Amino acid sequence: MMRGCTPQEYVEALLIVFRKFNNIVTNNLSNDRNFIDALDRAMTKMVNSAGDTKKYPRSSELLVRHSDHILRKGNKNMTLSEIEDQLRNFIDLFKYVEDKDLFQRFYSKKLANRLIHNTSVSIELEEVAISGLKDRCGYEYTSPLQRMLIDMKVSEDLTKEFDQHLLQKEEKLGVVFSVNILQSGAWPFSSNTGTSDDEKAVGLEFRIPQELAGCIEKFKTFYGKKYNGRRLRFVFTLSNGTVQLSYTSRQYTITMSVHQLAVLLLMNDSPAKTRLEIEEGVGWRRESWTRSYTPW
């Protein structure tokens, strides 16, 4: 195990070793089964070595972080074919990971973050990666990951249907509003994450801003009529909003958590508020401030 290396450096080091000896087995040893098996055993031992960390092998974590780098928006220097090549290399190394359950836990969390925060390069490439994992470990292993992708596709269609519903009723929300409907149990979130119907979250008593409350109520009504008997539970700790600041000569567009957005919306009433006024307006308890805000 390389100490202090990045996930990309770690993967590249493994690939250099694998390609070197795989070429020897292929070109000089006629792909003899005994040598292929020996190479597999050697790679398995190297990938799953904990080195001198005296902890669990970090191969799962580093491989997942490498895949997250590949599948996350922002890789402007990588073409589509290069991303696909990187994914194939990633799947080839995944073969040698022994603790597949630990790998899955790491992978599902990174996948969920990409999907929820809309930072994935594309759903199609996510499907390519999951298909590779399924080829190695079977349908049951990747079923939770595929359910997350299905949720995102269903949510996109549902948002479009909601927009069409508002258009037919000639109703306007005043904001661009989209919702992700996540199956309970399919996503790697704690059961305590989010809010209940009375809008109380762990450590919070969040008060929904009036600018958003109308959107939420209209969607709840729409969803309740479409799916009678289903219950919605809004998870504001995973929600975000994009706002345009116009109080300076130059306009800024900022994406932030819905709780931070609630604080900014309070400033529409007055340019300055005390901490107590913000606490009362947003519903935050005093101890919750240190997790998201820094005075300046």
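Residues numbered from 1 in each chain as written. Predicted model: local features only at pLDDT ≥ 70, side-chain atom pairs only at ≥ 80, totals over all residues. Heavy atoms only, no water.

J.: Would you mind going over the nonpolar core with me for this structure?
T.: Note that soluble globular proteins tend to have their nonpolar side chains buried in a common cluster. Counting 41 residues, the largest nonpolar core has Phe-103, Tyr-107, Leu-111, Leu-133 and Trp-187 as its most contacted members. Among the elements of the structure, α1 (7–27), α2 (33–47), α3 (59–71), α4 (80–94), α5 (100–116), α6 (123–137) and α7 (139–168) are those that each provide at least two residues to this core. Residues in contact with Leu-111, not counting those within four places in the same chain, are Glu-126, Ile-130, Leu-145, Met-148 and Leu-149. If you look at the next biggest cluster of nonpolar residues, it comprises 30 residues, including Ile-216, Val-243, Val-263 and Leu-266. (Core = buried A, V, L, I, M, F, W, Y, C linked by side-chain atoms within 4.5 Å. Buried < 20%, exposed > 50% of the residue type's maximum accessible area, 1.4 Å probe, protein only. Helix = DSSP H or I, 4+ residues; strand = E, 2+ residues; numbered from the N terminus. Contact = heavy atoms within 4.5 Å.)

J.: How should α3 be read in this particular structure?
T.: Every α-helical turn comprises 3.6 residues, leaving residues that sit three or four positions apart pointing alike. With 13 residues, α3 should cover 18 Å at 1.5 Å per step; its first-to-last C-alpha distance of 18 Å lies within 8% of that length. In terms of burial, α3 is largely enclosed, as 11 of its 13 residues are buried. Of all the positions in α3, only Ser-59, Ser-60, Glu-61, Leu-62, Leu-63, Val-64, His-66, Ser-67, Asp-68, Ile-70 and Leu-71 are classed as buried. Residues of α3 that are buried make contact with α1, α2, α4, α5 and α6. (Expected span 1.5 Å × (residues − 1).)

J.: Any chance you could explain the confidence of the model for the chain here in plain terms?
T.: Parts of the model with low pLDDT should not have their predicted coordinates read in detail. When the pLDDT values of the chain are averaged, the result is 85; 86% of them are 70 or greater. The element-level mean pLDDT for the chain is lowest in helix α11 (residues 289–292), coming to 56, with α6 highest at 96. (pLDDT = per-residue confidence, 0-100.)

J.: Explain the pattern of salt bridges to me, please; I cannot follow it from the model alone.
T.: By the definition in use, this model includes 15 salt bridges. Its salt-bridge partner being Arg-33, residue Asp-37 comes within 3.2 Å of it at the nearest N-O pair. Linking Asp-37 with Arg-33, this pair stays in helix α2, spanning 4 residues, or about one helical turn. (Salt bridge = Lys/Arg side-chain N within 4 Å of Asp/Glu carboxyl O.)

J.: Teacher, can you tell me more about the side chain of Thr-142 here?
T.: Along the polypeptide, Thr-142 turns up in helix α7. For Thr-142, a relative accessible area of 0% puts it in the buried group. Residues in contact with Thr-142, not counting those within four places in the same chain, are Ile-130, Leu-133 and Lys-134.

J.: Help me out: how do you make sense of the pairing of strand β2 (residues 252–257) in this one?
T.: Consecutive side chains along a regular strand alternate between the two faces of the sheet. In this structure, strand β1 (residues 240–245) lies alongside β2, joined through 6 bridges in antiparallel fashion. Bridge assignment links Asn-240 to a residue of β2, and that residue is Ser-257. Hairpin connection of β1 to β2: 6 residues between the antiparallel strands. (Pairing = 2+ DSSP bridges.)

J.: Got a minute to help me understand unusual backbone geometry in this structure?
T.: For residues that are not glycine, phi is negative in most cases, and the peptide bond is trans in most cases. Residue Ser-30 is not a glycine yet carries a positive backbone phi of 55 degrees. A positive phi angle, close to 55 degrees, is found at Glu-170, a residue other than glycine. Secondary-structure assignment places Glu-170 in the loop between α7 and α8 (210–226).

J.: Please clarify how the packing of aromatic side chains should be interpreted in this entry.
T.: Any pair of aromatic rings gets described here by the distance separating the centres and the angle formed by the planes. Following the criterion strictly, the structure yields 15 aromatic pairs and no others. Residues Phe-94 and Tyr-141 carry aromatic rings whose centres are separated by 6.1 Å and whose planes lie at 40 degrees to one another, so their mutual orientation is tilted. In this pair, Phe-94 is assigned in helix α4 and Tyr-141 in helix α7, connecting sequence segments 47 residues apart. Overall, Phe-94 belongs to the buried group, its relative accessible area being 0%. The class for Tyr-141 is buried, based on a relative accessible area of 10%. Joined through ring pairs, the aromatic side chains of Phe-162, Phe-177, Phe-219, Phe-222, Tyr-223 and Tyr-227 make up one cluster. Across from the ring centre of Phe-94, 5.0 Å away, lies the NZ or CZ of Lys-100, which sits over that ring. The ring of Tyr-227 is capped by Arg-230, whose NZ or CZ atom sits 4.1 Å from the centre of that ring. (Phe/Tyr/Trp six-rings, centres within 6.5 Å; stacked < 30°, edge-to-face > 60°. Lys NZ or Arg CZ within 6 Å of the ring centre and 35° of its normal.)

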